[in-house]
Amino acid sequence: MTETIEKRVPVTVLTGFLGSGKTTLLNRILTEQHGKRIAVIENEFGEIGVDNELVINAEEEIFEMNNGCICCTVRGDLIRILGNLMKRKDSFDYIMIETTGLADPAPVAQTFFVDDEMRGRMALDGVVTVIDARHIWQHIDESSEAKEQIAFADVILLNKTDLVPAGEIDRLEARIREMNLAAKVYRTERAEVGMDKILNIGGFNLDRALEVDPMFLEPEYPFEWAGVYQFEAGRYDLVMQSGPDPTMNAVLMPLENASFQSLESVQFDAVLTFSDKEQPVEPGGSISPGTILHQLMLRDGEKRFFIDIRRAGAYALFTQHHPDEFAMAIPVEYALQKEYKPDHEHDEEISSVGITTEGDVDEKKLNKWLQKLLSENGVDIFRMKGILSIAQHSRRFVFQGVHMLFDGRPDREWGSEPRHNSLIFIGRNLDRAGLTKGFEQCLA
Amino acid sequence: MSGVAAPATNAIGETRWEANLGDHVIRLAWSPSGDSVAAACVEGRIHVLSADSTQRTRSLAGHEHGAQCLSWSHDGRFLASGGQDGRVKLWDAASGELLHSMDAGAAWVEQVAFAPAAPLLVSAAGRHLKLWNLQGDCVREYPAHPSTISDVQWQPGTLFFTSACYGQLATFNAGSAQPVKSFGWKGSILAVAWSPDANYVATGNQDASVHFWYRKSGKDLEMSGYGAKVRELSWDAGSRYLATGGSANITIWDCGGKGPAGTRPIELRKHDAVVSALEYQHKGELLASGCGEGRVCVWRPAGHSAKQSTKGASPLQTWDEGAGITQVRWAPNDKALAISTASGLIRLLGAI
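Draft legend 1. Molecular detail of the overall build of chain B. The number of helices and strands found in chain B is zero helices and 32 strands. A globule of 352 residues ought to have a C-alpha radius of gyration of about 20 Å, and chain B, at 19 Å, matches this closely. The dimensions of chain B, computed from C-alpha atoms along their principal axes, are 55 × 50 × 30 Å. Across the 352 residues in chain B, those meeting the buried criterion constitute 54%.

Here it is as structure tokens:
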């Protein structure tokens, strides 16, 4: 890992299907009063209504090298055009690349790692993917382009949210998060988003993601389902049939109100509570709100429990298994529900693996491990980013990678911040246990 | 440009003059007589400077959005240029008058090249290749190439020219729209260099390799292991040595005897950054080189065997220009050297 001083021109890659709102976003960026000189390279004809910026139309040219290894595939059009742009006196503060809806983001990103000229002068700042919340369901399962655009993204705009019911957007966001935990997801109408959310984000800035969502690197939930209920004070029946397991753990948490935001705000506490010791509840027993892990005993046939509510309000019931497996019945309909799919069900899908540990890593061991990992699994690892605490270095080391390529540099001093390592892999068929174990063996 | 130490003299002599054009010089070309040097600048202007000490300069309007390439006609009467306005322009070299402006077929004209001994001009823009006469008429338009054409070079002493793009190297003439010969190769070719005897054609490639083809047999060889993409290629006058960039070291392949396969190349080490300009003399044995950090070197490499490559092979003359070297060009009589930089300096050294 070599030290580089960041004086390279930042590049943002804008991906998304035709009609997702990419051009709207681009126009927004160009008309915003940011005082920056932006050069735009367009591969798709869009109506850019700005004259004072440099807009270059280019035909996408994919250059395969080394017998077509996908990790060495780059974009010839970008090398040619950007190479020329960098010679101009009036240099640019920022470069935006708008890809076609069906473009594979990997060669675009790899261009900034593979080509020596590009690598020295420009740095990939981020991949921004715009998603049409209305139409993405038609593509998300079938289209590898759609999946890759989501998996490669640092920022995802769920656009046109005004045209879709809120519940569906929640479902979409949950689905996207399963694939790419590292991306920041913003819900937008007409691609309205703050420029600071998409420009100069520094592709490997994990900090903000960590600040906002403590669950960021811990995607496996110990529960499969949560239902939000509006309860009055009093006693409710909870009836369950026998199911695949003889017991089921459940936690009931009070909420501020019956909303997804409110549900999300207690998720983390629910996770912690699920790691507590179970309190067995025999049939006829009662479930009460708070950080108590109830273990409902469900052997043989229908069982009846009670939910005891002292104060009227919204409550979230988190259950270890999906309640349908036990035909759970409560006399009140839930106001909203959320499914938490355990990660192991998606082995064949694109997913993220996050690793967070304390301690310092041994630079040599890490290099060796990464080299082996990427040479064997680089094709399936789309993105990789992280902050590392390297033994004997006072500064944080930040890095990001695309397939087999990576780029890293020392960042700010650790100072009083506790030294730790946070890294995330996004890709296909990732081996969570293997990655975690491999990384832990690199600790000094 | 001031503040640059005058080069130490020995191999080629002292600075005759220097000029500051104030803009990155992307291409430099000597007129066939050696009387003038033409320079194309990234922002679009084209300048013709007289090589004698009067240093008279004529500036041509050039190209909107940027100039890319230049070529002199074999008799020195015409100058052709191409740029980011999608035009090929034909200029009267003596008066600077624009004679013709032609549509090259795409937004960026990457290459224009006059035939070595005929009034024909070839242009490459995007995937389009066109052949022109001196009246600005398109003599022939060739079928669109599979990808953007990166380079076009005339085969020495012939009316054939060779184009390169991702995936192929193809040789054409005026007589037919179809290539008379083509070599397929799955990779991105950046630069083409015919050996002066036209026995080999070499390419420098994006994947950090150099490829050779034997013209007659079509046999090919690939030399890989460069540190970076290879764009700088130059054959020596005897068609034996090919000097290549692609690294801070200059790598020279000896094509004499059984050819370069399996041999260890000569390496010249003095530059600290990737070599950005390279040219052998037309008849002599000196090699000039420049790098991205501004160092210029003049070498006499033929005397060095591969065994001596790591030590003893020092340049005859070297100095630092303080800005990336973009071109090094020997005068037709080999007695003068013109160099240009990314900051717009042109320096002319030696006798004329």
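Draft legend 2. Local environment of the pairing of strand β7 (residues 122-132) of chain A. Residue and element names in this part refer to chain A. Most of β7 is tucked away: 11 of the 11 residues are buried. The sheet contact formed by β7 and strand β8 (residues 155-159) spans five bridges and is parallel. Looking at β8, one finds that Asp-132 is bridged to Asn-159.

Draft legend 3. Main features of the domain arrangement of chain A. All names here are of chain A. Structurally, chain A comprises domain 1 (9-203), domain 2 (225-341) and domain 3 (350-440). Counting residues at the interface gives 17 residues for domain 1 and 17 residues for domain 3. For the side of domain 1 that touches domain 3, the secondary structure elements donating two or more residues are α3 (105-114), α6 (144-152) and α7 (166-179). For the side of domain 1 that touches domain 3, the element with the most residues is α3, which contributes five residues. Of the residues contributing to the side of domain 1 that touches domain 3, the split by class is 11 nonpolar, three polar and three charged.

Draft legend 4. Geometry of the interface of chain B and chain A. Counting residues at the interface gives 17 residues for chain B and 12 residues for chain A. When its residues are assigned to classes, the side of chain B that touches chain A shows six nonpolar, six polar and five charged.

Draft legend 5. Highlighting the confidence of the model for chain B. All names here are of chain B. The share of residues in chain B with pLDDT of 70 or more is 94%, and the mean pLDDT across the chain is 92. Throughout residues 1-9 the model reports pLDDT below 50, and contacts reaching past four residues in sequence, or to other chains, amount to 16 contacts. For this predicted complex, the interface confidence score (ipTM) comes to 0.88, while the overall pTM stands at 0.77.

Draft legend 6. Layout of the sheet that holds strand β26 (residues 275-280) of chain B. Residues and elements named next belong to chain B. With antiparallel pairing, the four strands of this open sheet are ordered in space as β26-β27-β28-β29. Whereas interior strands pair on both sides, the edge strands pair on one side only; in this sheet they are β26 and β29 (317-320). Taking the axes of each pair of neighbouring strands and ignoring which way they run, one obtains an average angle of 10° across the sheet. When strand β28 (residues 295-299) meets β29, the two strands line up antiparallel, connected through four bridges. Residue pairing for β29: Arg-295 is matched across the bridge by Asp-320.

Draft legend 7. Spotlight on the environment of Thr-171 of chain B. Residue and element names in this part refer to chain B. Relative to the elements of secondary structure, Thr-171 occurs in strand β16 (residues 168-173). By the C-beta count within 10 Å, which is 19 here, Thr-171 ends up partly exposed. Measuring from C-alpha to C-alpha, the distance between Thr-171 and Lys-181 comes to 5.2 Å, with 10 residues separating the pair along the chain. Those residues within four positions of Thr-171 in sequence are excluded, and the remaining contacts are Gln-155, Phe-160, Thr-162, Pro-179, Val-180, Lys-181 and Ser-182.

Draft legend 8. Region of interest: the packing of α3 of chain A against α6 of chain A. Residues and elements named next belong to chain A. Close contact between α3 and α6 brings their axes to 9 Å; oriented N to C, the two are set at 35°. The residues of α6 that touch α3, namely those facing Pro-105, Ala-106 and Ala-109, are Glu-148, Gln-149 and Phe-152. Grouping the constituent residues of the contact of α3 with α6 by class yields four nonpolar, one polar and one charged.

Definitions and cut-offs
- Residues numbered from 1 in each chain as written.
- Chains lettered and ligands numbered in written order.
- Predicted model: local features only at pLDDT ≥ 70, side-chain atom pairs only at ≥ 80, totals over all residues.
- Helix = DSSP H or I, 4+ residues; strand = E, 2+ residues; numbered from the N terminus.
- Rg over C-alpha atoms; globule rule 2.2 N^0.38 Å.
- Buried ≥ 20, exposed ≤ 12 C-beta atoms within 10 Å, placed from the backbone.
- Pairing = 2+ DSSP bridges.
- Domains from an automatic or database assignment.
- Contact = placed C-beta atoms within 7 Å.
- Nonpolar A, V, L, I, M, F, W, Y, C, P; charged D, E, K, R; others polar.
- pLDDT = per-residue confidence, 0-100.
- Axes fitted to C-alpha atoms, helices over the stretch in contact; angles between N-to-C directions.

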